[in-house]
Every structure is written in C-alpha cells, then in structure tokens.
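Below are the chains, spelled out letter by letter.
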Amino acid sequence: MSPIFFILITLLLTSIIWSVIFLMAWFTLGKKSYALFWAGAFILSACQWGTILLRSHFDSDTLYWMTGVSLSMGSVILGTWGHAIRARSPINLRYLLALAVITLASVYYYKAVDVHIGLSMSLYIYYDILLLLINAVIIIKHKAKSLPAEIGAAITYTVCGVCLFIAATIALMQGSQVNQAYLDLYTLINFITVPTAHVGMAVFIIFIMASDLAQEMQKLAMTDVLTQCINRRGFYDIGQQKIESQLGCKQHVSLIYWDIDSFKNINDDYGHAAGDEVLVQATQRIKMCLQKDDIFARLGGEEFVILIARDSELKAKQFADKLRETLASKPIEYEKQCINVTASFGVISIKSVNTPIDKAIDLADKALYIAKHEGKNKVAYAMPLN
Ligand SMILES: Nc1nc2c(ncn2[C@@H]2O[C@H](COP(=O)(O)OP(=O)(O)OP(=O)(O)O)[C@@H](O)[C@H]2O)c(=O)[nH]1
C-alpha cells in the first residue's frame, strides 16, 4: 500500500477525532455556536478524506472530483463561519457562498465540459486559500490586543494559505493536460503541508477556545454580580496600571470615591430588594456619564470608586459635581415607588505614578467623610497627592 493511503487514513481519523472534540467543547464550554461550526468543518474534512480513499468506488471521475471539491470548500466555509461568529465579524458570508457556487460551477465546467486539468485542480484551492486568509484577518482583527492563541492561529492559516497557493499554482501550470512532473510535485507539497496545517489549525482553535474561557473567567472574577461594575479585586488589579499609563500621557488623574447617602434608610424604608435596585439604577446612571477609559468599580456595599483621566484638574472636579447632580436630579423608580437618592463624593487628584492606589483610596475616603459631615449630597476635595 502506498504511503499516501496511510496519510489519508491518518487525516480521516484525526478529522473525526477533532470533530468529536469540538462537539464536546461545544457541550462543555458554554454551548458556543461557533464550536458547532468547527465540528461541522472537521466532519466535512473527514468525509473529504474518506471520498479520496473510496475513489475507485465512484462510477464517474467527475462525480468523485465534484464530491471532493464540494467537501473541501464546505469545510473551509464552515470554519470561516465559526470564526466570523466568534469575532462578531461584519463580513458578509452571502458573498462568500455566491463565490463558492461560481467556483464549483467553474470546476465542473473545466472537469466535464471543456476539460482543463490545471483549472479544475486549482480553482477550488484558490477559493480555499482566499477563505484561509480571510480567517487570519478575522482572527487578528477580533481584539485590539490579540491573544497568543489568535496570533498562532492567524500565522498557521496564513502559512497554510501560502503552501496551498504554491501547490495550486503548480497544479495550474500543468495546463489543459496532465503533466506528470508537476502533478508529482503538487502531490508532494500537498501531502507534506496539509496534515501539518490540519493538526496545527485544530490545535490553535482549541487553544483559542481555552483562552476565551480563561478570559471570561478572569472577567467574571473581577466583576460585581449585582451592578456589573469591576469589583474591588479588579480595581486593585488594573487601577495602578491605569494611573501609570495615564500620568505617562500627561493626563490629570483623579480618583472619585462615592457612597449613596443614608442607604441603610432606603433598605429599611423600601426593603432590601429596593436597595438592590437603587444600586443597579444608580450605577447605570453613573455609567452613562463615563468616558471610555474611566474605570468604575464597586468596592463593596454602597461604596464605589471611579478613576478618571482628564486634561485639567478643573474638569475632574466638574465631572464629580456632574455625577452628584445626575443622581440627585430625579428619583429612582421601583415598583411604582419613587425613591430619592443622593450620594456624597470625595475626590483626590493623583500627581505621581508612585502613589499607591490604596493610599489614594484612603485619602478620597477621608474627603468623602467630610462631604458626609457637611450634610451629604456634596463633593469634597482632598489635598492632591504628590
Ligand atoms: N440592598 C443592599 N444593601 C446593602 C448591600 N450592601 C450593603 N448594604 C447595606 O448598606 C447599608 C450601609 O449602611 P451604612 O454604612 O450605615 O451607611 P448609610 O446608611 O449609607 O449612611 P451614610 O453612609 O452615612 O450616608 C447597610 O445597611 C448594608 O446592609 C447590597 O448589596 N444591597
């Protein structure tokens, strides 16, 4: 038996295993629909290798060829679809499907009507290459800072695309008739690169799923369940870095510590559920006032901090006052009851990258205490930290 037979068997079995792994990943890692698309892609791949193995059982060579070509293109389309869903890519898959139909029709034409070996062998590979490169772009553009798994996957897709481009071009160079020398070279390149790329792509996709999950877990561990703000742990994790990066950009960094006034009375008068709703609606109102880079965290209970960077200290003070007015401007509605809510604010301006975040919180808390002491619904400023 030829070595190609063993390569095909290996490809068939690994494709089946990968599709089972993606099905299991779909089931256990949060039923992400894109895992199903990737499972489908590997099932079609397995069918493609099976088709090649069963070549002698096909009645017509055209039927064999078109089956293999359709499965290869279908597999790449499903894979791309999965990546597009995961990355919420705006790519219009209808155009890709239309191009697939045109490619399939052309392959059929050059296989069965006006026979041209080079074109019938290479056209669908060019289509697959196009999709592999689109995949690489989708993966890399997904996040401003790509995950290592995404970089690895994008490189694998690109390298695979380049190798296939060389193989397809050698196949095309045959012209209308079979050229044994080119055909052997094409087969050699294909059977060296395809198994490697196959395993590489599958491993990187699994790595991407695992990285996504790790990021989700990390986000959950840093998020307050009730208000969806960052929690204390998250704030301590990213606050210090933020101070350093914003001061490096010559911005005025301020920390605003705020606390809902007489919150215990709200709980006592309207019930704990109403208190929870006040926390949710109050934080929503505050979020509407924030800029993209502001960090808003719930430190616990009804105590919150916001780390902001503005181009002047005055703007930071005006911002704190705007937040106070936003909360006091209208009552919060809960089960047809109107609950008047105010909050007090302590603001500290941070001047040095060496300022520890807990020191800034401590001083802003002291300013907040003054705001409370002066009658609540007020903003108080601490002496800037140098
Ligand atoms: N509903 C609700 N209440 C909470 C939550 N976390 C803390 N609290 C309550 O918030 C109240 C805070 O009360 P205090 O620390 O006395 O503060 P306060 O009544 O706001 O008084 P001042 O801060 O002086 O204005 C306590 O009664 C806590 O039980 C929460 O997640 N939901």
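Check the entry above for the structure.
Let me begin by describing the structure that accompanies this report. Just so it is clear, the model here is predicted, and its values are computed rather than measured.

Across its full length, the chain carries 12 helices and eight strands. Computed over C-alpha atoms, the radius of gyration of the chain comes to 30 Å, more than 25% over the 21 Å expected from 2.2 N^0.38 for 386 residues, which places it beyond the range of a compact globule. Over its C-alpha atoms, taken along the principal directions, the chain stretches across nearly 90 × 45 × 35 Å. By sequence separation, contacts in the chain at least 24 residues apart represent 73% of the contacts at least 6 residues apart. Of note, the chain has its 33 positive side-chain charges centred 3 Å away from the centre of its 31 negative side-chain charges.

Take the site of the ligand next. Inspection of the region around the ligand gives 16 residues, with Ser 262, Phe 263, Lys 264, Asp 276 and Arg 298 positioned closest. At 3.4 Å, a side-chain N or O of Asp 259 approaches an oxygen atom of the ligand. At 2.7 Å, a backbone N or O of Phe 263 approaches an oxygen atom of the ligand. Protein burial of the ligand: of its 670 Å² of free accessible surface, 64% is covered by the chains. Residue assignment for the shell around the ligand shows that the elements contributing at least two residues are β2 (252-260), α9 (263-270) and α10 (272-289). With four residues, the top contributor of residues to the shell around the ligand is α10. Here the shell around the ligand is built from residues that sort into three nonpolar, five polar and eight charged.

This brings us to the pairing of strand β7 (residues 343-350). Along β7, eight of the eight residues are buried, which leaves the element largely enclosed by surrounding structure. Residues Ala 343, Phe 345, Val 347 and Ser 349 of β7 are buried on one face, and the alternating residues Ser 344, Gly 346, Ile 348 and Ile 350, pointing to the opposite face, are buried as well. Where β2 and β7 come together, eight bridges link them in antiparallel fashion. Residue pairing across strands places Ile 260 opposite Ala 343, the latter belonging to β7. Two strands pair when backbone bridges link them, and β7 and strand β8 (residues 379-381) are joined in this way by three bridges, in the parallel orientation. In the strand pairing of β8, Phe 345 is matched with Val 379. Traced from β7 through helix α12 (residues 357-373) to β8, the parallel crossover comes out left-handed.

For the rest of this paragraph, the subject is the packing of aromatic side chains. Here a ring pair, both rings aromatic, is described through the centre-centre distance and the interplanar angle of the planes. Here the structure, examined in full by the defined rule, presents 17 aromatic pairs. Ring geometry for Phe 5 and Phe 6: centres 5.5 Å apart, planes at 80°, overall edge-to-face. Phe 5 sits in the partly exposed class, given a relative accessible area of 30%. Centre to centre, the rings of Trp 258 and Phe 345 are 5.8 Å apart; their planes meet at 25°, and the pair counts as stacked. Of this pair, Trp 258 sits in strand β2 while Phe 345 sits in strand β7; the two residues are 87 residues apart in sequence, bridging distant segments of the chain. Residue classification places Trp 258 among the buried positions, given a relative accessible area of 0%. Through pairs of rings, three or more aromatic residues link up here, namely Trp 18, Phe 22, Tyr 34, Trp 38 and Phe 42. Sitting over the face of the ring of Trp 65, Lys 111 holds its NZ or CZ atom 5.0 Å from the ring centroid. Seen from the ring of Phe 319, Arg 310 lies directly overhead, with NZ or CZ sitting 4.6 Å from the centre.

This part is about the nonpolar core. Ranked by size, the top nonpolar core spans 57 residues in total, and within it Phe 22, Trp 65, Tyr 124, Tyr 157 and Tyr 186 carry the most contacts. Of all elements in the fold, only α1 (3-28), α2 (33-53), α3 (61-86), α4 (93-113), α5 (117-141), α6 (148-173) and α7 (180-221) reach the threshold of two or more residues within this core. Per-element tally for this core: the top contributor is α5, with 12 residues. Discounting chain neighbours no more than four positions away, the residues touching Phe 22 are Ala 35, Trp 38, Ala 39, Phe 42, Ala 202, Ile 205, Ile 206 and Met 209.

Considering the arrangement of structural elements, one finds Ser 146 in the loop between α5 and α6. Within the structure, the side chain of Ser 146 is placed 3.2 Å from the backbone oxygen of Ile 140, a separation counted as a polar contact. Ser 146 has contacts with Ile 140 and Ile 151, leaving out every residue within four places of it along the chain.

Reading guide: rules and limits
- Residues numbered from 1 in each chain as written.
- Predicted model: local features only at pLDDT ≥ 70, side-chain atom pairs only at ≥ 80, totals over all residues.
- Heavy atoms only, no water.
- Helix = DSSP H or I, 4+ residues; strand = E, 2+ residues; numbered from the N terminus.
- Rg over C-alpha atoms; globule rule 2.2 N^0.38 Å.
- Contact = heavy atoms within 4.5 Å.
- Lys, Arg positive; Asp, Glu negative; His and termini not counted.
- Charge placed at Lys NZ, Arg CZ, Asp CG, Glu CD.
- Near = heavy atom within 4 Å.
- Polar contact = N/O pair within 3.5 Å; in protein donor to acceptor, adjacent residues only side chain to side chain.
- Areas by Shrake-Rupley, 256 points an atom, 1.4 Å probe, with all protein chains shown as cover.
- Nonpolar A, V, L, I, M, F, W, Y, C, P; charged D, E, K, R; others polar.
- Buried < 20%, exposed > 50% of the residue type's maximum accessible area, 1.4 Å probe, protein only.
- Pairing = 2+ DSSP bridges.
- Right-handed = clockwise from strand over helix to strand, strands pointing away.
- Phe/Tyr/Trp six-rings, centres within 6.5 Å; stacked < 30°, edge-to-face > 60°.
- Lys NZ or Arg CZ within 6 Å of the ring centre and 35° of its normal.
- Core = buried A, V, L, I, M, F, W, Y, C linked by side-chain atoms within 4.5 Å.

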